Amino acid sequence: MDRSERFYKIDHLLRERGTVTTAEFMRELEVSLATLKRDLEYMKSRNHAPIEWDRDAGGYRFVEADPAAPKYELPGLWFSPAE
């Protein structure tokens, strides 16, 4: 799974489950803790993903975005006619 696929998988897991633990992410994405943290940081800093660690729930979740913040969007995917 390449990095872009992981971003979409992270987004999907958070929307589907609400809260996702570090262990669940690592298992589902088949990545190390360092890679997971890099991916989440990239999504937050570059894609403006409103993802936060919820200590009480023991996992990551989407939070309500600041209305003044840039809109969260994943990069577009381009397919060839064969795909």
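Here, every reference points to the structure presented above.
An account of the accompanying structure is given in this report. (Residues numbered from 1 in each chain as written. Predicted model: local features only at pLDDT ≥ 70, side-chain atom pairs only at ≥ 80, totals over all residues. Heavy atoms only, no water.)

### Some details on the pairing of strand β3 (residues 59-62)
Alright, step 1. Direction of pairing for strand β1 (residues 19-20) relative to β3: antiparallel, over a ladder of two bridges. By the bridge assignment, valine 20 is partnered in β3 with tyrosine 60.
Alright, step 2. Turn length for the strand β2 (residues 51-54)-β3 hairpin, with the two strands adjacent in sequence and antiparallel, is four residues, and the turn residue glycine 58 shows positive phi of about 75°. (Pairing = 2+ DSSP bridges. Helix = DSSP H or I, 4+ residues; strand = E, 2+ residues; numbered from the N terminus.)

### Points about the sheet that holds β2
Alright, step 1. Overall, antiparallel pairing links the three strands, which are arranged β1-β3-β2 in an open sheet. Edge positions in the sheet fall to β1 and β2, since each has one partner strand and no second.

### Some remarks on the nonpolar core
When a protein is soluble and globular, its nonpolar side chains tend to lie buried together.
Alright, step 1. Among the nonpolar cores identified, the biggest contains 15 residues, and Ile10, Leu14, Phe25, Met43 and Ile51 are the most heavily contacted of them.
Alright, step 2. Residue assignment for this core shows that the elements contributing at least two residues are α1 (3-17), α2 (22-29) and α3 (33-46).
Alright, step 3. In terms of residue count, the dominant contributor to this core is α1 (four residues).
Alright, step 4. Here isoleucine 51 is in contact with Ile10, Leu14, Leu40, Met43, Lys44, Tyr60, Arg61 and Phe62, once residues within four sequence places are set aside. (Core = buried A, V, L, I, M, F, W, Y, C linked by side-chain atoms within 4.5 Å. Buried < 20%, exposed > 50% of the residue type's maximum accessible area, 1.4 Å probe, protein only. Contact = heavy atoms within 4.5 Å.)

### What to know about the environment of methionine 26
Alright, step 1. Residue position: methionine 26 is located in helix α2.
Alright, step 2. In this structure methionine 26 comes out as partly exposed when scored by relative accessible area, which is 28%.
Alright, step 3. Each C-alpha atom of the pair methionine 26 and leucine 36 lies 6.9 Å from the other, and the pair is ten residues apart in sequence.
Alright, step 4. Not counting residues within four places of it along the chain, the set of residues in contact with methionine 26 comprises Val31, Ser32, Leu33 and Leu36.

### Quick look at α1
Alright, step 1. Taking 1.5 Å of rise per residue, the 15 residues of α1 would be expected to cover 21 Å, and the 21 Å separating its terminal C-alpha atoms lies within 8% of that figure.
Alright, step 2. All of the buried residues in α1 are Arg6, Phe7, Ile10, Asp11, Leu13 and Leu14. In an axial view of α1, the angular spread of the buried residues amounts to 165°, which keeps them on one side of the axis. Away from the buried face of α1 by more than 90 degrees, exposed residues Arg15 and Glu16 are located.
Alright, step 3. Between a side-chain oxygen at the N-terminus of α1 and the backbone nitrogen of serine 4 the separation is 3.2 Å; the capping residue is aspartate 2. (Expected span 1.5 Å × (residues − 1). Arc of directions from axis to C-beta. Polar contact = N/O pair within 3.5 Å; in protein donor to acceptor, adjacent residues only side chain to side chain.)

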